[in-house]
Amino acid sequence: MLNSDLDIRLEPRIKELYQLHKERSANMDWSYHEFIPWDKAMSFKRVPWDESQVTLPEGIIVAVETALLTEVNLPWYTSHLDYTFKNSMEVINDFVRTWTAEEDQHSNLLETYLLVTRNVDPKRLHELRKRVVESGWFPDFTNPLATMAYTTLQELATLVFYNNVAKTAGPYDKDLATLLRRIAKDEALHYAFYRDTVKAHLELDPNFIVYFENVIINFSMPGTIMPDFNDRMKTIAIETNYGPLQYFDQVLDVVVKYWDIANLQPTSDEAKQSQANILKYHGRLKRITDRHTGKK
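Residues numbered from 1 in each chain as written. Predicted model: local features only at pLDDT ≥ 70, side-chain atom pairs only at ≥ 80, totals over all residues. Heavy atoms only, no water.

Our next topic: the nonpolar core. Counting residues in each nonpolar core, the largest one holds 90 residues, and the members touching the most others are Ile 92, Leu 110, Leu 176, Phe 193 and Phe 212. In terms of residue count, helix 6 (residues 144-169) provides more of this core than any other element does, 15 residues in total. (Core = buried A, V, L, I, M, F, W, Y, C linked by side-chain atoms within 4.5 Å. Buried < 20%, exposed > 50% of the residue type's maximum accessible area, 1.4 Å probe, protein only. Helix = DSSP H or I, 4+ residues; strand = E, 2+ residues; numbered from the N terminus.)

If you want it as structure tokens, here you go:
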């Protein structure tokens, strides 16, 4: 009987994916202190912060600050994953702990960079961070397969975001571009594990598509809980090349093709309808994207 739990028949394959992840991660182990331009650091007690000390364009600062305010919610993400997979196979829980340890450096790196380079008001940043963490994050889905689909999209979206912002930031600050690309490498490994776990389920039984429909069609980043999120995303889309068009081209379209959703052959009526709904949604976004980019 098909259900929303991860399929135990895939445990050997998922163990292979986890082992591959650990090997790749071990080959690029890092510590966030290696990427901070410490020579720029000054005591805020000795030299108070002033807006004149800012060196980056506003759009880049908004992008990095938004990334930080997303990453600081790691405790909530981990809590959700722990709850979702608590009765799942052991390898998944092992991966969640590894994922948490690797993600833990991201907010430290982003916050330390912003403070050392004085590109944010430290008091305002502290207040924002506290407000975001206090707000928590509570997704509207709790089943394991939906969570796998969500984390796939989230990790790829984050990977693309960091790389796109790095391209924009490079001419202004090479250190910033380097550290953003470093974080993106972590996201790439995490994305691969979640993506391939979903792929394995669809190959085992295409009817599993029913558990991915809602997440794919209604996906939104967990950062939506932060203040002025919509205004932030508008700025980021204009100034750092990550908006709805990039989300379709570099995230949704990539995942839909990788999972080969168009060529799945589900047998249940519900699964067939989910497949059709996803492809309809994908087609609608493609038409919108093509109009904006001038494609025919």
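As a further point, take the packing of helix 6 against helix 7 (residues 174-204). Where helix 6 contacts helix 7, the axes come no closer than 8 Å and their chain directions differ by 155 degrees. The angle between the axes of helix 6 and helix 7 places the two elements in the roughly antiparallel class. Pair helix 6 / helix 7 crosses with left-handed handedness. Its residues assigned to classes, the contact of helix 6 with helix 7 shows 19 nonpolar, seven polar and five charged. (Axes fitted to C-alpha atoms, helices over the stretch in contact; angles between N-to-C directions. Parallel < 35°, antiparallel > 145°, perpendicular 65-115°, else oblique. Left-handed = near helix turned anticlockwise from the far one by under 90°. Nonpolar A, V, L, I, M, F, W, Y, C, P; charged D, E, K, R; others polar.)

Those residues of helix 9 (residues 229-239) that sit buried are Phe 229, Arg 232 and Ile 236. Along the long axis of helix 9, the arc covered by the buried residues comes to 60 degrees, so they all point the same way. Across helix 9 from its buried face, at more than 90 degrees, point the exposed residues Asn 230, Lys 234 and Ile 238. If you follow the buried residues of helix 9, they end up packed against helix 2 (58-71), helix 5 (122-135) and helix 6. Once helix 9 finishes, Asn 241 follows within two positions and takes phi at roughly 65 degrees, a positive value. (Arc of directions from axis to C-beta. Contact = heavy atoms within 4.5 Å.)

With that settled, the discussion passes to helix 5. A rise of 1.5 Å per residue sets the reference length of helix 5, with its 14 residues, at 20 Å; its end C-alpha atoms lie 20 Å apart and thus fit the reference within 8%. Buried within helix 5 are the following residues: Leu 125, Leu 128 and Val 132. Buried residues of helix 5, viewed axially, fall in a sector of 65 degrees; they line one side. Residues of helix 5 that are exposed and angled more than 90 degrees away from the buried face: Lys 123, His 126, Arg 131 and Glu 134. (Expected span 1.5 Å × (residues − 1).)

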